[in-house]
Amino acid sequence: MSDYLVRATAADHGIRAFAATTRDLVEFARQAHNTSPVATAALGRTMTASAMMACQLKGAKESLTIQIEGSGPIGKIITIADGTGAVRGYVKEPKVDLPLNSKGKLDVAEAVGIGVMSITKDLGLREPYVGSTHLISSEIAEDLAYYFTASEQIPSAVALGVLVNKDQS
């Protein structure tokens, strides 16, 4: 199965929905950066969000950057996506290895820590648009939903998941 992204609108364009499968993208990043399972999950969630947000860009030369800087051992996550659908990204510390959280899941929140999410949209204008919010959960999806509501005044629900084979790293 190859990666794909689906867009939909409802309620006379008042509701927008995006869904993506990015298995190939995340696996390529995992191999390229030799990331641990928790780093793969954090990077994969952020790259997938970048892809979904960038599909709204109008021109091929426009780009969107998500930067997450937290106090956790991963340090920083940066992803960049453009209007053509190209996405790239990295984590500062790709080898972070943490025990599973209390729910038996990869502990992305602990790996990221407390910090700030900044989103830069370069639309080819004089200055890029930069919006920033504090991380509220460090799970990335909830932080993006908060960013959309607080910074762009767009009430949103965001869900992101990366299924990781914990034996690969």
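Refer to the structure printed above.
On a predicted model such as this, the values are computed, not experimentally measured, just so you know. (Residues numbered from 1 in each chain as written. Predicted model: local features only at pLDDT ≥ 70, side-chain atom pairs only at ≥ 80, totals over all residues. Heavy atoms only, no water.)

Draft legend 1. Representation of the pairing of strand 5 (residues 87-91) in the model. Burial along strand 5 is one-sided: V87, G89 and V91 are buried, while R88 and Y90, pointing the other way, are not. Bridging between strand 4 (residues 76-82) and strand 5 involves 5 bridges; their strand directions are antiparallel. The residue bridging A81 from the neighbouring strand is V87, located in strand 5. The turn linking strand 4 back onto strand 5 is made up of 4 residues, and G85 within it adopts a positive phi angle of 100°. (Buried < 20%, exposed > 50% of the residue type's maximum accessible area, 1.4 Å probe, protein only. Helix = DSSP H or I, 4+ residues; strand = E, 2+ residues; numbered from the N terminus. Pairing = 2+ DSSP bridges.)

Draft legend 2. The arrangement of helix 4 (residues 141-151) in detail. Here helix 4 has its buried residues at A141, D143, L144, A145, Y147, F148 and S151. The inward-facing, buried residues of helix 4 abut helix 2 (37-54), strand 3 (63-70), strand 6 (115-122) and strand 7 (129-134). Of the residues trailing helix 4, Q153 is marked for its positive phi of about 55°. (Contact = heavy atoms within 4.5 Å.)

Draft legend 3. Looking closely at the sheet that holds strand 3. As summarised here, the arrangement of the 5 strands in space is 5-4-3-6-7, forming an open sheet in which the pairing is antiparallel. With partners counted over all chains shown, the strands left at the sheet margins are strand 5 and strand 7, one partner each. In this sheet, adjacent strand axes meet at a mean angle of 10° when their direction is disregarded. Two strands pair when backbone bridges link them, and strand 3 and strand 4 are joined in this way by 7 bridges, in the antiparallel orientation. What sits directly across from I66, in strand 4, is T79. Helix 4 rests against strand 3, strand 6 and strand 7 of the sheet, and its axis sits at about 120° to strand 7. (Axes fitted to C-alpha atoms, helices over the stretch in contact; angles between N-to-C directions.)

Draft legend 4. Focus on the nonpolar core. In this structure, I66, I77 and L144 are the most contacted members of the largest nonpolar core, which totals 39 residues. Counting residues per element, the ones that place at least two in this core are helix 1 (23-33), helix 2, strand 3, strand 4, strand 5, helix 3 (108-112), strand 6 and helix 4. If you tally residues by element for this core, the top one is helix 2, at 11 residues. Apart from residues no more than four positions distant in its own chain, L144 is found in contact with A49, M53, I66, M117, I119, V158 and L160. (Core = buried A, V, L, I, M, F, W, Y, C linked by side-chain atoms within 4.5 Å.)

Draft legend 5. The arrangement of unusual backbone geometry in detail. Phi at A11 takes a positive value of approximately 50°, unusual for a residue other than glycine. Its location among the elements puts A11 in the loop between strand 1 (4-10) and strand 2 (15-21). Even without being glycine, I140 reaches a positive phi, approximately 80°. Here I140 is to be found in the loop between strand 7 and helix 4. Residue class for I140 comes out buried when judged on its relative accessible area of 1%.

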